[in-house]
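# Inside the fold
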Amino acid sequence: MVQLSYLDYLALEGRSFLHRLSPKWKLLGMGFVLLWIVLPRNLHAVILLYGILLFLFLLSRLPLRLFPLTFYPLLFATLFIFISNFQIQFILLVFLKVLSGATGVVILLGTTPYPFLFQTLERFLPSIFVTALFLTYRSLFILLKVLEETQHALYLRGGFQWSHPIRSLTNLSNAFGHLIIVAIDYSEKMYEAMKLRGFKNKVHYRGE
Amino acid sequence: MSHLHLPDGVLPVWLWASGLILAIFIAWLFSRLIRREDLTRRLPLLGMMAAAMVLGASVEIVPIAYHVNLTVATGILLGPYLIFLVTFVVNFLLALFGHGGLTVIGLNTLILSIEGILGYFFFRVFWRISKRIIPSIFLATFLALSLSTFFMIGVVRLGVDHYEELLHSHEEKGLFEFKLLKEKDHQPQEISDKVNFRRFVSIVLPLGFLGWLLEGAITSLILRYIYRLRPELLRLTDERGNG
């Protein structure tokens, strides 16, 4: 999650072919990747897709330190392998589908600044949903900053220690409670500012 | 635990597509039921709570593969209509970060919304009966999470035939067939194994139980903290209990 601002920076500052490509085409490409993930039941087809995505990752000139981000979803997919009686074919198929989806998403987010992404999404999705998405994305950066400060406060109060579970749980909950109260305060200020600027359930983008 | 961490391409198309259609229909219905000015006023709060949920979901408790959802806390703070829009947004963003597939957004939204809506109503009932904040929230969270987990298990169960097909996919021709890597005299292996749904349930439920307890405790303590500092946020019109 902390990599979010770095991804944003890369999306804005990158100069590769994929950075220059219209967000509309990139979203269509992501749709095609999803279709490729959903439809084939053949391992070779998914290997081919993953190979293409790896090539696109290199082509986008995104730093290699971003690549481990694509492995994150594997953490959740592991639970699902128990359903398969540990058959290697099934596990490979599922893992490659997960890796392909995650690589596609990292390429998309690393090469497309989020206002352009949301602007394009607004053509397909209801504006209220895209506005909520935009506000959530913006709020994430605000909360990450608050979380950073809260982490210091949490650390000074003993942080999270398995040897003191009850105290740790109380500390953690108070930290989240604080985070939510600060979030609510910020949201009230944000609403007042948006109202003053004539907000009517829709965020307008530059060029509209 | 109730969150479906399934990647794209594992659930059958009919299942995730119907989940998506149903979620879109309910979102449309709820957006009609809520007053326009109320929605505008609460949009920034909705964004902040959704962001808090995304942050909560990114903190993985590794030994039990669990993360807090904060769905019940958000449901209690925002009410049953807005929780649906929040979970839709949260699942969309989480899917973009690789936390669950993009195609399962609809199903995840339905499951998490059930959790939030049930949590909201359970809390109201328990509060009315006991007037004690911690037991009311703990019980509401525990019950809402356990019911939504059973709902999630039901969704996974619906796809069993499809998993069987995936397990045996290398025996038959798929949509894309690439012969280059296959040997000509390749014979399909004898596969006696079937999808082991019981094993899945036997792993999910004990881990889930620990998670329900943990999230119940965390949600209770978070909302107690909020109740002490900003009680009006819980919109408890009745007189305050002894917490």
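For clarity, every value in this text was computed on a predicted model and none was experimentally measured. (Residues numbered from 1 in each chain as written. Chains lettered and ligands numbered in written order. Predicted model: local features only at pLDDT ≥ 70, side-chain atom pairs only at ≥ 80, totals over all residues. Heavy atoms only, no water.)

### Remarks on the overall build of chain A
Looking only at helices and strands, one finds 9 helices and 0 strands in chain A. For chain A, the α and β elements follow one another from N to C terminus as α-α-α-α-α-α-α-α-α. Here chain A holds 208 residues, and 53% of them are scored as buried. Taking the intrachain contacts of chain A between residues at least 6 apart in sequence as the baseline, contacts between residues at least 24 apart amount to 72%. (Helix = DSSP H or I, 4+ residues; strand = E, 2+ residues; numbered from the N terminus. Buried < 20%, exposed > 50% of the residue type's maximum accessible area, 1.4 Å probe, protein only. Contact = heavy atoms within 4.5 Å.)

### Some details on the overall build of chain B
Of regular secondary structure, chain B possesses 8 helices and 2 strands. The N-to-C order of helical and strand elements in chain B reads α-α-β-β-α-α-α-α-α-α. Out of the 243 residues in chain B, the part that is buried amounts to 60%. For chain B, the share of sequence-separated contacts (at least 6 apart) that also reach a separation of at least 24 residues comes to 79%. Per element, the accessible surface of chain B, about 10,500 Å² overall, is 63% carbon and sulfur. (Areas by Shrake-Rupley, 256 points an atom, 1.4 Å probe, with all protein chains shown as cover.)

### What to know about the pattern of salt bridges
Using the criterion set out here, one finds 3 salt bridges over all chains in the structure. The salt bridge involving A:Glu188 is made with B:Arg230; its shortest N-O contact spans 3.3 Å. Taken together, the residues A:Glu188 in helix H9 (residues 165-196) and B:Arg230 in the segment after helix H8 (197-229) connect one chain to another. The partly exposed category is assigned to A:Glu188, whose relative accessible area is 36%. For B:Arg230, a relative accessible area of 17% gives the class buried. What emerges from the salt-bridge pattern is a single network uniting A:Asp185, A:Glu188, B:Arg230 and B:Glu232. (Salt bridge = Lys/Arg side-chain N within 4 Å of Asp/Glu carboxyl O.)

### Some words on the interface of chain B and chain A
Each partner contributes to the interface: chain B provides 81 residues, whereas chain A provides 72 residues. In total, about 7,200 Å² of surface goes out of reach between chain B and chain A, with carbon and sulfur atoms giving 78% of it. Interface area lost by chain B to chain A is led by B:Met48, B:Leu55 and B:Phe97, which between them contribute 10%. Counting across the chain B and chain A interface gives 2 salt bridges. Among the ionic pairs, A:Asp185 bridges to B:Arg230, the shortest N-O distance being 2.8 Å. Taken together, chain B and chain A are joined by 2 residue pairs in polar contact (both at pLDDT 80 or more). It is helix H2 (residues 36-57) of chain B that contributes the most residues to the side of chain B that touches chain A, 18 residues altogether. (Buried area = accessible area lost by both parts, 1.4 Å probe. Polar contact = N/O pair within 3.5 Å; in protein donor to acceptor, adjacent residues only side chain to side chain.)

### So, a nonpolar patch on the surface
All names here are of chain B. On the surface, Leu-22, Phe-25, Trp-28, Leu-29, Leu-33 and Tyr-81 cluster together into a nonpolar patch covering about 590 Å² of accessible area. At 5 residues, the largest contribution of residues to the nonpolar patch is made by helix H1 (residues 13-33). With respect to the helices and strands, the residue Leu-22 is situated in helix H1. Relative accessible area serves as the criterion here: at 41%, Leu-22 is assigned to the partly exposed category. (Patch = residues over 30% accessible without salt bridge, like charges linked within 9 Å, V, L, I, M, F, W, Y side chains within 5 Å.)

### Looking at the environment of B:Phe142
Note on placement: B:Phe142 falls in helix H6 (residues 133-158). Sequence separation of B:Phe142 and B:Ala73 is 69 residues, and the distance between their C-alpha atoms is 12 Å.

### Side note on H1(B)
Between its terminal C-alpha atoms H1(B) stretches 30 Å, which fits the 30 Å expected from 21 residues at 1.5 Å a residue. Among all positions in H1(B), only B:Leu15, B:Trp16, B:Gly19, B:Ala23, B:Ala27 and B:Phe30 are buried. The arc enclosing the buried residues of H1(B), seen along the axis, measures out at 100 degrees, which places them on a common side. Those residues of H1(B) that are exposed and angled more than 90 degrees off the buried face are B:Ile21 and B:Arg32. Of the surrounding secondary structure, the elements contacted by the buried residues of H1(B) are helix H3 (23-38) of chain A together with helix H4 (80-96), helix H5 (105-130) and H6 of chain B. (Expected span 1.5 Å × (residues − 1). Arc of directions from axis to C-beta.)

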